[in-house]
Amino acid sequence: MRVFVTGATGFIGSAIVRELLSAGHQVIGLARSAAAAETLTAAGVQVHRGDLEDADSLRSGAAMADGVIHTAFNHDFSKFVANCETDRRVIEAMGAALEGSDRPLVITSGTALLTPGNPATEATPQIAGLPRGASEEAANAVAARGVRVSVVRLPPSVHGEGDHGFVPILIGIAREKGVAAYVGEGQNCWPAVHRLDAARIFRLAVEKGSAGARYHGVAEEGIPFREIAAVIGRRLNLPVVSKPEEAAEEHFGWFAHFAAVDNRVSSRQTREQLGWQPVGPGLLEDVDQPYYFKS
């Protein structure tokens, strides 16, 4: 297959590119800069110049491919609502190029958006009204127009060397505050997956995913937040402390919601339907590595 990948130079997207190439696929990578284009060319990827604001480039990239994997997202939280609406338009633009063709479109969503359950499954709906829900709403809209779209839901922690997501944010907060903290008893859980295991889910979804399917890129259903804080505290030689719920925002800032979220998630159906079995290290083992604590 010729697969068009957005976010192809990102933390997850670059792993997807390598996974696709190793499986014998050709990859077309969206590049918004000369530096990104050089990186893709060096990796053996066909470069397609454009960006998330350029609907024409997205449509033309999708049109030349046998399938599309969309992982790009602007994580500037100061413009979060606008960025979510941009993602809606991106999915609609690429969906328009694939409409009626049976060529697959795989988009990215998150498990933290799901209605709480013990654990949430692939059939669990999103919490209504959240800005980030725009991506799955757009997937539903293009599916209604005949696009073979599926969704990969990723957990709050997609971990591995080069991670610049939630765990590094936690480490930064611990360094700044002088303690590694958790909320209440710290028994709220985060699901997790290693980036290379996540990359295989996307490859399997574009190869054999079902129209309308939701897949969970989850290797570990839920790790108590207190255990994550304990690893960070030991590594930084800092106290590990509880913060009451009413003090969470003062300590964690905008990250307080994620520090307190209880997001137990199952991937049983995904494993059965795609034949996916994660093999990478677990979150606690991975976070205990030196590369997470480089100054």
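In what follows, the structure referred to is the one given above.
Residues numbered from 1 in each chain as written. Predicted model: local features only at pLDDT ≥ 70, side-chain atom pairs only at ≥ 80, totals over all residues. Heavy atoms only, no water.

Caption draft 1: Fine view of empty space enclosed by the protein. Summed over the entire model, instances satisfying the criterion amount to one cavity of 30 Å³ or more. By volume, the largest cavity amounts to about 80 Å³. Going through the elements one at a time, helix 6 (166–177), strand 8 (180–183), helix 8 (225–236) and helix 9 (248–252) are the ones with two or more residues in the lining of the largest cavity. Here the lining of the largest cavity takes four residues from helix 8, the largest share from any one element. Classifying every residue of the lining of the largest cavity by side-chain character gives eleven nonpolar, one polar and no charged. (1 Å grid on protein atoms, 1.4 Å probe; cavity = no way out; pocket = protein on both sides within 12 Å on 5 of 7 lines; lining within 4 Å. Points joined across faces, edges and corners; volume = space filled by probe spheres on them. Helix = DSSP H or I, 4+ residues; strand = E, 2+ residues; numbered from the N terminus. Nonpolar A, V, L, I, M, F, W, Y, C, P; charged D, E, K, R; others polar.)

Caption draft 2: Structural detail: the sheet that holds strand 4 (residues 67–70). Strand order in the open sheet made by the seven strands is 3-2-1-4-5-6-10, with parallel pairing throughout. Both edges of this open sheet fall to strand 3 (46–49) and strand 10 (214–216), since each of them pairs with a single strand only. Within this sheet the neighbouring strands show an average axis-to-axis angle of 25°, counted without direction. Relative to strand 10, strand 6 (residues 148–154) is paired through three bridges, and the arrangement is parallel. Looking at strand 10, one finds that Arg 153 is bridged to His 216. The strands touched by helix 7 (residues 195–208) are strand 1 (2–6), strand 4, strand 5 (104–110), strand 6 and strand 10; relative to strand 6, the strand with the most contacts, the crossing angle is about 165°. (Pairing = 2+ DSSP bridges. Axes fitted to C-alpha atoms, helices over the stretch in contact; angles between N-to-C directions. Contact = heavy atoms within 4.5 Å.)

Caption draft 3: Geometry of helix 2 (residues 34–42). The set of residues buried in helix 2 consists of Ala 36, Ala 37 and Leu 40. One side of helix 2 carries all its buried residues, which in axial view fall inside an arc of 100°. Among the exposed residues of helix 2, those oriented more than 90 degrees off its buried face are Glu 38, Thr 41 and Ala 42. Residues of helix 2 that are buried sit in contact with strand 2 (26–31) and strand 3. (Buried < 20%, exposed > 50% of the residue type's maximum accessible area, 1.4 Å probe, protein only. Arc of directions from axis to C-beta.)

Caption draft 4: Spatial organisation of the pairing of strand 6. The element strand 6 is extensively covered by neighbouring structure, given that seven of its seven residues are classed as buried. Side chains Arg 148, Ser 150, Val 152 and Leu 154 of strand 6 all project onto a buried face; the interleaved residues Val 149, Val 151 and Arg 153 project onto the opposite face, where all are buried too. Note that strand 5 and strand 6 share seven bridges and pair parallel. The residue bridging Pro 104 from the neighbouring strand is Arg 148, located in strand 6.

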